[in-house]
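Inside the fold
Below, each chain spelled out in residue letters.
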Number of protein chains: 2
Amino acid sequence: MEPQARPRRVTIVDVARHAEVSTTAVSKVLRNAYGASPEMRAKVRRAIDELGYRPNAGARSLRGQTYTIGVMLPDIRNPFFPEILDGVTASLADTEYQVLLGPGFNGEKEEARVTEAMIDRGMDGIILVAPISSRAHMERVGTAVPTVVIGRHGSSPAYDTVVDDDVEGAALVVGHLAALGHRRIAHIEHHETDPTRLTEMPNARRADGYRLAMRKHGLEEWIDVVSTSYTQEGGHRGTKELLARPVRPTAVFAGADIVAMGVLDAVTEAGLSVPGDLSVAGYDNTTFAAFGPISLTSVDQGGREMGENAVRLLLERIADRGRRSAQVTLSPTLVPRRSTARPAK
Amino acid sequence: MEPQARPRRVTIVDVARHAEVSTTAVSKVLRNAYGASPEMRAKVRRAIDELGYRPNAGARSLRGQTYTIGVMLPDIRNPFFPEILDGVTASLADTEYQVLLGPGFNGEKEEARVTEAMIDRGMDGIILVAPISSRAHMERVGTAVPTVVIGRHGSSPAYDTVVDDDVEGAALVVGHLAALGHRRIAHIEHHETDPTRLTEMPNARRADGYRLAMRKHGLEEWIDVVSTSYTQEGGHRGTKELLARPVRPTAVFAGADIVAMGVLDAVTEAGLSVPGDLSVAGYDNTTFAAFGPISLTSVDQGGREMGENAVRLLLERIADRGRRSAQVTLSPTLVPRRSTARPAK
DNA sequence: ACATCTTTGGGGAACGTTACCCACATCGCT
DNA sequence: AGCGATGTGGGTAACGTTCCCCAAAGATGT
């Protein structure tokens, strides 16, 4: 009753022997390569099925391909990212590619660790979702392996990008609130100082869009931006600050749904009601926003489409590494819900 | 201006040449293996840093190790799983291991695809989080590679398990509600027919625990189980059914927080209030439950501890593949919040 | 008839790493 | 002086694929 030696995994050599052909022939069949007659294909495929052969990815990686796409997610708690992932996996469902996720944990060091790990593992392509990494790091990644960056403005020859028009999205929110009759519309943003990130990060563009739209609606004097962070805690803190103003805003545009959660939290705590005392709008149109008891007005970026576009660009670039880099910008739409209403008189 | 050939990646051979030692020596240093003097170690490490060398995982995989742990998540939307993942990654942060996630999409076929892919890629260990796969499949995985299954009762020699005591968890909820004075306590469960799964799946055990606890509190006549699914939609459907009863329950024990979300949705829709008209309790103690405006009473399984234990078991088994399989059961705790209160008179 | 092309099949050298060897030097002990 | 033990370093054969070759046979054109 000793621990019997686990059976060695079946390799291409076993298949070749069983089908009475060369390993080269098996490899050709596996890759649908030129130089194999229909009869041989059939024979080899039968042997593969009979033996239950599966190619060893490590060995393949040594030769250049792993059929693996890595997706870096900075925060698995953010309910927006699953939408993107749906688009990615759906687009790859019928291909040989397998999607593996790497957790980034909202840190530059952590993002670097996981992207390096993906490169070490010979991934065929990498999708960076809303990375906080420096531009230099993303270019390093893009130079090593085909890369698409989702949610980062600005172009680079080293990688392709997919973003939504954040300025437009902010304008949709401000327009909606203004149309309802709000004038004192405040905004909670994610604090940013790094000059490159100020032009590239969606949070910065949304703040810009907010200011621009306020001016356009003649509400310049009511521009009120609180600078915290894109977390629930940031929304909570920002709201407490806003509620302490001598003249309170009647509406808050939170830069992300996760921030809006913090807003609602703080409003509940203060004994106020939404939208009675305060209208609240978010950004991302997460499942949380759609949730009945919350019913948060939000901006839909079309996460699915983002994922689909990222895959398209990535496959193109895997096929032709020399092609020029491309940028795709999607238009956001507004989804009004019960958290926004006319201001109290 | 032709597309300059990307520089070849630096290999162990380059390091050896640069340090003027053999590749064997470099390999020894990399693995902290026996047979390298301190001077040599220093020399090699310097060369590694100077060249920015990183080991190729594919080549390593061919020799047996990839320093990669695969975690299969059946549903990236379920807010409970990030807790587990935190425990996993925290335990592995100081090791050489890299965690990669595979999306399972709540499907048996999809789970099989991703687990096979992980095996093909030579992962050193696999953690299956709340899998719906058949026992046979999990044993196949466990035979191929060290495996820990989280959230599945029943033991197998092929893999280790980490679960919480779901019967106990259900008892905590019923006990809490009974102590508040509730008698008509209903339960929404996830429908299950497969006999093996009936003994292994947490949802089935929670339903058992509910029935058991109701009897223990002398509430046998009020046992009322609605069989839908562990989704928001399932909670919604189940609640509509319960609200249509001639004698309505005063409290609902939802088998999971995600189900409780559906309950709250339906209650809002019906114009009723929580906990005024209906007390609601969930299971998993997700961030959603802790969210202020919701404030859902829930059972905490200690997701972090689950992840930590899974890693411990996994590393043990990687070190000694022959050791007996182990089962860890954690005790759940109740987290009372505002969604449960004394029933209206 | 011959030359040339196309199709079909296989031999074998990589890819980067590890780990089993062996070789040699040095040391401590009888 | 002789011996085994210990420490240090390297040579080299795998691991499982892919893909560049070449060879042979058959098809086609003159």
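Preceding this section is the structure that the text describes.
Parameters and conventions
Residues numbered from 1 in each chain as written. Chains lettered and ligands numbered in written order. Predicted model: local features only at pLDDT ≥ 70, side-chain atom pairs only at ≥ 80, totals over all residues. Heavy atoms only, no water. Helix = DSSP H or I, 4+ residues; strand = E, 2+ residues; numbered from the N terminus. Rg over C-alpha atoms; globule rule 2.2 N^0.38 Å. Buried < 20%, exposed > 50% of the residue type's maximum accessible area, 1.4 Å probe, protein only. Contact = heavy atoms within 4.5 Å. Areas by Shrake-Rupley, 256 points an atom, 1.4 Å probe, with all protein chains shown as cover. Near = heavy atom within 4 Å. Polar contact = N/O pair within 3.5 Å; in protein donor to acceptor, adjacent residues only side chain to side chain. Buried area = accessible area lost by both parts, 1.4 Å probe. Salt bridge = Lys/Arg side-chain N within 4 Å of Asp/Glu carboxyl O. Nonpolar A, V, L, I, M, F, W, Y, C, P; charged D, E, K, R; others polar. Pairing = 2+ DSSP bridges. Axes fitted to C-alpha atoms, helices over the stretch in contact; angles between N-to-C directions. Core = buried A, V, L, I, M, F, W, Y, C linked by side-chain atoms within 4.5 Å. Least-squares fit on C-alpha atoms with pLDDT ≥ 70 in both.

**Re the overall build of chain A**
Check the secondary structure of chain A and you find 14 helices and 12 strands. Radius of gyration (C-alpha) of chain A: 25 Å, far over the 20 Å computed for a compact globule of 345 residues. When the backbone C-alpha atoms are referred to their principal axes, chain A occupies close to 85 × 50 × 35 Å. A total of 345 residues make up chain A; the buried ones form 53% of that total. Partitioning the intrachain contacts of chain A with sequence separation of at least 6 by distance along the chain shows that 68% fall at a separation of at least 24. Put simply, chain A shows about 15,100 Å² of open surface, and 51% of that area lies on carbon and sulfur atoms.

**Notes on the side chain of Asn285(B)**
With respect to the helices, strands and loops of the structure, Asn285(B) is situated in the loop between β9 (279-281) and α13 (287-290). Excluding its chain neighbours within four sequence positions, the residues that come into contact with Asn285(B) are Asp257(B), Ser298(B), Val299(B), Asp300(B), Val335(B) and Arg337(B).

**Let's talk about the protein's contact with DNA strand D**
Around DNA strand D sit 26 residues in total, of which Ile12(A), Arg31(A), Tyr53(A), Ser37(B) and Arg63(B) are the nearest. Counted by atom, the contact set of DNA strand D within 4 Å of the protein is 61% sugar and phosphate. Lys28(B) places a polar side-chain atom, nitrogen or oxygen, 3.2 Å from a base nitrogen of DNA strand D. Here a phosphate oxygen of DNA strand D sits 2.7 Å away from a polar atom, N or O, in the side chain of Ser37(B). Secondary structure elements with two or more residues in the surface near DNA strand D: α2 (23-30) and α4 (57-63) of chain A together with α2 (23-30) and α4 (57-63) of chain B. Among the elements that take part in the surface near DNA strand D, α4(A) stands out by supplying 4 residues, more than any other.

**So, the interface of chain A and chain B**
The interface is formed by 55 residues belonging to chain A together with 54 residues belonging to chain B. A combined buried area of about 4,400 Å² lies between chain A and chain B, and 56% of that area is made up of carbon and sulfur atoms. Taken together, chain A and chain B are joined by 10 salt bridges. Put simply, Asp120(B) and Arg9(A) hold a salt bridge, and the shortest N to O gap is 2.8 Å. For the interface between chain A and chain B, the tally reads 25 residue pairs in polar contact (both at pLDDT 80 or more). Sort the elements by how many residues they give to the side of chain A that touches chain B and helix α6 (residues 108-120) of chain A lands first, with 7 residues. In the side of chain A that touches chain B, the residues fall into 28 nonpolar, 14 polar and 13 charged.

**Considerations on the sheet that holds β9(B)**
Residues and elements named next belong to chain B. Spatial strand order, β7-β6-β8-β9: 4 strands in an open sheet with parallel pairing. This sheet does not close on itself; its edge strands, each paired only once, are β7 (224-228) and β9. If you compare each strand with its neighbour and ignore which way they point, the axes differ by 20° on average. Bridging between strand β6 (residues 185-190) and β7 involves 5 bridges; their strand directions are parallel.

**Side note on the nonpolar core**
With 52 residues, the main nonpolar core has Val71(A), Ile127(A), Val162(A), Val71(B), Ile127(B) and Val162(B) as its most contacted residues. Ignoring any residue separated from it by four or fewer positions in sequence, one finds Val71(A) in contact with Leu85(A), Val88(A), Val99(A), Leu100(A), Leu101(A), Gly102(A), Met118(A), Ile127(A) and Val129(A). Residues Ala256(A), Met261(A), Ala260(B) and Met261(B) belong to the second largest nonpolar core, which totals 44 residues.

**Details of the relation of the copies chain A and chain B**
With an axial shift of 0.1 Å and an RMSD of 0.2 Å, the rotation relating chain A to chain B amounts to 180°. As the rotation angle and translation indicate, the two copies are arranged about a two-fold axis. The fraction of interface residues of chain A whose copies in chain B are also interface residues reaches 98%, indicating that both copies meet through the same surface.

**Things to note about the protein's contact with DNA strand C**
Around DNA strand C, the surrounding shell holds 26 residues, and the nearest of these are Ser37(A), Ile12(B), Arg31(B), Tyr53(B) and Arg60(B). Here the atoms of DNA strand C within 4 Å of the protein split so that 64% fall in sugar or phosphate, with bases taking the remainder. In the environment of DNA strand C, a phosphate oxygen lies 3.0 Å from a nitrogen or oxygen atom belonging to the side chain of Tyr34(A). Ser27(B) is positioned such that a nitrogen or oxygen atom in its side chain is 3.0 Å from a phosphate oxygen of DNA strand C.

Any functional reading would require information that these geometric values do not contain.
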